[in-house]
Amino acid sequence: LHHIMKVKRHYFNGVAFRLKINSKSMKDSLLSLAITEQDKALTLEIQAPYILNELAVLYSNLNKNDKAESYLLKAIELIPDWAVPRANLSSIYQFTNRYKEGIESAKKALELKPNYTAALVNLGLCYYKIGNYLYAEENLRKAIENGNNYFLTYEYLGNCYFQKLN
């Protein structure tokens, strides 16, 4: 029990640092602290997909997408039926202009967890980036219907409407 408590302490300390990021001036130092905590947790529990997923999110915030991708692939290998790292992987693929891979990863996340908002947003963004505005609109609207209030979702949905007018 003591071992898992140490793992969880480092994991949640890292998550807390990431969640405190609210300004660009604090971002790098808090991400560094968060990564340090997650690395400590991973050292204690090397087969923990939730830690690997969190490290991927942190490295993605630093635009270290290769490292983020490798953590996500390892998390998926450990728990193939967990939708979260697949949705996060679709985001990495979108950031790195690998839209078809992003679409496949988001679709797989949606197979595992239908109507998963993060996967719907990422799927919509990937479709938008390849010019498929109809599918982009469909998925972004579903994400909003599921309660997504992130401005990017609305921005891209508006862009879809704009593209359809031209």
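Treat the numbers as computed from the prediction; the structure is a model and nothing was measured. (Residues numbered from 1 in each chain as written. Predicted model: local features only at pLDDT ≥ 70, side-chain atom pairs only at ≥ 80, totals over all residues. Heavy atoms only, no water.)

Caption draft 1: Layout of the overall build of the protein chain. In terms of regular secondary structure, the protein chain is built from 9 helices and 0 strands. For the protein chain, the succession of helices and strands along the chain, N to C, is α-α-α-α-α-α-α-α-α. Expected size for 166 residues packed as a compact globule is a radius of gyration near 15 Å; at 17 Å, the protein chain falls within 12% of this value. Dimensions of the protein chain, computed from the C-alpha atoms along their principal axes, are close to 60 × 35 × 30 Å. Residue burial in the protein chain is summarised as follows: out of 166 residues, 43% are buried. Considering only contacts in the protein chain between residues 6 or more positions apart, those separated by 24 or more positions represent 51%. Total accessible area on the protein chain stands at roughly 9,100 Å², and carbon and sulfur atoms take up 55% of it. (Helix = DSSP H or I, 4+ residues; strand = E, 2+ residues; numbered from the N terminus. Rg over C-alpha atoms; globule rule 2.2 N^0.38 Å. Buried < 20%, exposed > 50% of the residue type's maximum accessible area, 1.4 Å probe, protein only. Contact = heavy atoms within 4.5 Å. Areas by Shrake-Rupley, 256 points an atom, 1.4 Å probe, with all protein chains shown as cover.)

Caption draft 2: Molecular detail of unusual backbone geometry. With a phi angle near 60°, Asn 63 is a residue other than glycine that sits in the positive phi range. In this fold, Asn 63 is placed in the loop between α3 (49-61) and α4 (65-78). At Asn 115, a residue that is not glycine, the phi angle is positive and equals roughly 65°. The topology assignment puts Asn 115 in the loop between α6 (99-112) and α7 (117-129).

Caption draft 3: Broad picture of the state of the cysteines. Within this structure, the stated rule accounts for 0 disulfides. Considering cysteine sulfurs only, Cys 160 is the nearest to Cys 126, which forms no disulfide, with 12 Å between them. Its relative accessible area of 0% is what places Cys 126 among the buried residues. According to the relative accessible area criterion, Cys 160 is buried, its value standing at 0%. (Disulfide = S-S within 2.5 Å.)

Caption draft 4: Spatial organisation of α6. Taking 1.5 Å of rise per residue, 14 residues should cover 20 Å, and α6 covers 20 Å from first to last C-alpha, within 8% of that figure. For α6, every residue scored as buried is listed here: Tyr 99, Gly 102, Ile 103, Ser 105, Ala 106, Ala 109 and Leu 110. Looking at the packing, one finds that the buried side of α6 touches α5 (83-95) and α7. (Expected span 1.5 Å × (residues − 1).)

Caption draft 5: Highlighting the environment of Pro 80. On the secondary structure map, Pro 80 appears in the loop between α4 and α5. In this structure the C-alpha to C-alpha distance between Pro 80 and Leu 112, which are 32 residues apart in sequence, comes to 9.4 Å. Those residues in contact with Pro 80 that lie beyond four places of it in its chain are Arg 86 and Leu 112.

Caption draft 6: Seen up close, the packing of aromatic side chains. Counted by the stated rule, this structure contains 7 aromatic pairs. Look at Tyr 128 and Tyr 156: their rings are 4.8 Å apart centre to centre, the planes differ by 85°, and that puts the pair in the edge-to-face class. Taken together, the positions of Tyr 128 in helix α7 and Tyr 156 in helix α9 (residues 151-165) put the pair 28 residues apart, joining distant regions of the chain. Side by side, Tyr 128 and Tyr 156 carry an identical accessibility label, which is buried. (Phe/Tyr/Trp six-rings, centres within 6.5 Å; stacked < 30°, edge-to-face > 60°.)

Nothing here speaks to function; it is all geometry.
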